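Here is how the chains run, residue by residue.
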Amino acid sequence: REGLPDRFVVIGGGISGLSSAFYLLWEAHLRGRAAVVTLVDPSERLGGKINTLKRDGFVIEKGPDSFLARKTPIIDLARDLGIAHELVGTNPAAKKTYILHKGKLHAMPPGLVLGIPTEIAPFAKSSLLSWGGKLRAFMDFLKPASKDTDDESLGDFLTRRLGPEVMERVAEPLLAGIYAGDLRKLSLQATFPQFKEAERKHGSLIRGMRANKRKAGAVPSAGPSSLPAAVRSSVFMTFRGGLATMIDALNEALVDVDRRLGVKAVAFRQNDPMTDGEDVAPYEVLLSSGEVLDADGIVITAPAFDAADLLEPHINVDALRAVQYVSVANVVMAFDKKNFGIDFDGSGFVVPRSEGTTITACTWTSAKWLHSSPSNKVLLRCYVGRSGDEEVVDLPDDQLTEAVRKDIRDVMGITATPLFTEITRLHKSMPQYPVGHLQETAKLRTKLRSEMPGVWVTGAAFDGVGLPDCIRQGKEAAVGVYKSLFG
Ligand code: FAD
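Parameters and conventions
- Residues numbered from 1 in each chain as written.
- Predicted model: local features only at pLDDT ≥ 70, side-chain atom pairs only at ≥ 80, totals over all residues.
- Heavy atoms only, no water.
- Helix = DSSP H or I, 4+ residues; strand = E, 2+ residues; numbered from the N terminus.
- Rg over C-alpha atoms; globule rule 2.2 N^0.38 Å.
- Buried < 20%, exposed > 50% of the residue type's maximum accessible area, 1.4 Å probe, protein only.
- Contact = heavy atoms within 4.5 Å.
- Areas by Shrake-Rupley, 256 points an atom, 1.4 Å probe, with all protein chains shown as cover.
- Lys, Arg positive; Asp, Glu negative; His and termini not counted.
- Charge placed at Lys NZ, Arg CZ, Asp CG, Glu CD.
- Polar contact = N/O pair within 3.5 Å; in protein donor to acceptor, adjacent residues only side chain to side chain.
- Pairing = 2+ DSSP bridges.
- Axes fitted to C-alpha atoms, helices over the stretch in contact; angles between N-to-C directions.
- 1 Å grid on protein atoms, 1.4 Å probe; cavity = no way out; pocket = protein on both sides within 12 Å on 5 of 7 lines; lining within 4 Å.
- Points joined across faces, edges and corners; volume = space filled by probe spheres on them.
- Nonpolar A, V, L, I, M, F, W, Y, C, P; charged D, E, K, R; others polar.

1. Structural notes on the overall build of the protein chain
- Within the protein chain, the regular secondary structure consists of 19 helices and 22 strands.
- Its C-alpha atoms give the protein chain a radius of gyration of 23 Å, within 12% of the compact-globule value 23 Å for 487 residues.
- With respect to the three principal axes, the spread of C-alpha positions in the protein chain is 75 × 55 × 45 Å.
- Counting across all 487 residues of the protein chain, residues that qualify as buried make up 53%.
- Long-range contacts, defined as pairs at least 24 residues apart, comprise 73% of the intrachain contacts of the protein chain with a sequence gap of at least 6.
- Of the accessible surface of the protein chain, which amounts to about 21200 Å², a share of 54% is contributed by carbon and sulfur atoms.
- Across the protein chain, 60 positive and 59 negative side-chain charges occur, with their mean positions spaced 9 Å apart.

2. Looking at the side chain of T301
- Tracing the backbone through its elements, the reader meets T301 in the loop between β16 (297–300) and α13 (304–311).
- A relative accessible area of 11% places T301 in the buried class.
- Of note is the side chain of T301, whose polar atom sits 2.7 Å from the backbone oxygen of I11.
- Only 3.5 Å separates the side chain of T301 from the backbone oxygen of G12, close enough to count as a polar contact.

3. Overview of the sheet that holds strand β8 (residues 104–107)
- Read across the sheet, seven strands follow the order β8-β7-β18-β19-β20-β17-β21 without closing on themselves; strand pairing throughout is mixed. Here the strands that pair on one side only, and so sit at the sheet edges, are β8 and β21 (420–432). Strand after strand, the sheet turns through a mean of 20 degrees between neighbouring axes, direction not considered.
- Together, β7 (96–101), β8, β17 (324–336), β18 (346–350), β19 (359–363), β20 (377–384) and β21 form the strand contacts of helix α17 (residues 397–412), whose direction differs from that of β21 by roughly 95 degrees.

4. Examining empty space enclosed by the protein
- Under the definition given, this model contains one cavity of 30 Å³ or more.
- Around the largest cavity, the lining is made up of 13 residues, and of these V59, E61, D65, T365 and S372 lie nearest the centre.
- Class assignment for the residues of the lining of the largest cavity results in six nonpolar, four polar and three charged.

5. Overview of the pairing of β19
- Burial within β19 is extensive, with five of its five residues counted as buried.
- Here β18 runs beside β19; their pairing, made up of three bridges, is antiparallel. Bridge pairing in β19 links V350 to A361.
- Pairing geometry for β19 and β20, over four bridges, is antiparallel. Considered in β20, the bridge of C362 is made with C382.

6. Focus: the environment of W26
- When you line up the elements, W26 lands in helix α1 (residues 15–30).
- Judged by its relative accessible area of 37%, W26 falls in the partly exposed class.
- In this structure, the C-alpha to C-alpha distance between W26 and L68, residues 42 residues apart in sequence, is 25 Å.

Given below as structure tokens:
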């Protein structure tokens, strides 16, 4: 096809698909080639899980609400899109996080990094753990590192290093929040490989995480230097107008991308120029509308179960079927400050499974994110649903709201009536990377590369669920597809 543009179909209009489309055009530009990209998504709305609602002066996130600022791909993309000046950090006055234990909120000891203690004194003083639990955690300094390099579950690893109490009361509610998962089923290598690396390098998880923290402290913030210091030093960031700012900016930057919204990719076919003729495209993507799109390359960014349906006729998809998804919901409630009766001194709390509440966490959104609410209002976001406890997601609205209100009344004494409530259900939305996930998906990709050059499968189901990880994976997909087609 000398002189004609490269044709790409991107399946999925979430952040992974939009980033793939953006970086496909970028890569084409770098290579001095022309490209035509068509983006397909069954929803009429771009963004996938990212979904910001603006209501009555509030900025409400119905999906993800922020991202880890030390992961640079999202900051780089924000810069490229010209929206980096819109970045905001968390309220520095709301640094404290709480953990529910026996019905009471306990402040998380300072120095916890991803649930791992890196400061000894505050951890030793914490009211969250028994003396036995603390001593068991400190055994981490003495226990030799495991020589086994095979993957294991995150829960087994943490229990091995720090003991069951730290695992269940601290690490599990904090880390499980990211995956809504069961730590005993999640792959260590695919979720927190830095833990294993800390053990391997330093012979102790605590020592290793302390060293990582020192190193991270020495690295300058990735945020643009024009941003205020408080924003640049924030661990989490978002945009003043919510995460949809990024989707809107991508949407604008991708004006030349063809869109097929409200339409699903239902299958694709691989053609053989030897038997099907020279003029036929290497691939044809069939849409639910009946349209067929010619393609030189395809990037599939749909969740693992949808990607598996598309790939199954062509390749073994066991690695994709092995990724189970958990359903979750969140209940956002807005209040008038004058009737609320409570001042928050932190950003919210997480709940260990053993507490038996309906909610798994509660973010004090108006305290944590000052841009999210008018100053005379309060915004709370309560999370429900986790691995093994998903039925609650489908309770009728009134029962779900009542269960959540009971929990916040019991835990925080909140009795005020909300001005409004927004419920968002995200069915099968949280991928659970099983033990051995990275090895199995690498095999799948190697096979794809050799048997179907130009077809790439990526997104949150693969190598990181965080927004920066999805953007990085979109970029890797674009580079990978071009490489597999043209070297
Ligand atoms: P998606 O956003 O799921 O997009 C995939 C798209 O594929 C969808 O739009 C879907 O319609 C489309 N699709 C499916 N089948 C087809 C088909 N056959 N043809 C065409 N299109 C198809 N991450 C953070 O970094 N910070 C957070 O605060 C955070 N909080 C979260 C809170 C919740 C409740 C959830 C669910 C996730 C959260 N995450 C967070 C994770 C993050 O939001 C996701 O990992 C990320 O948005 C996934 O992006 P994606 O593009 O890979 O997938």
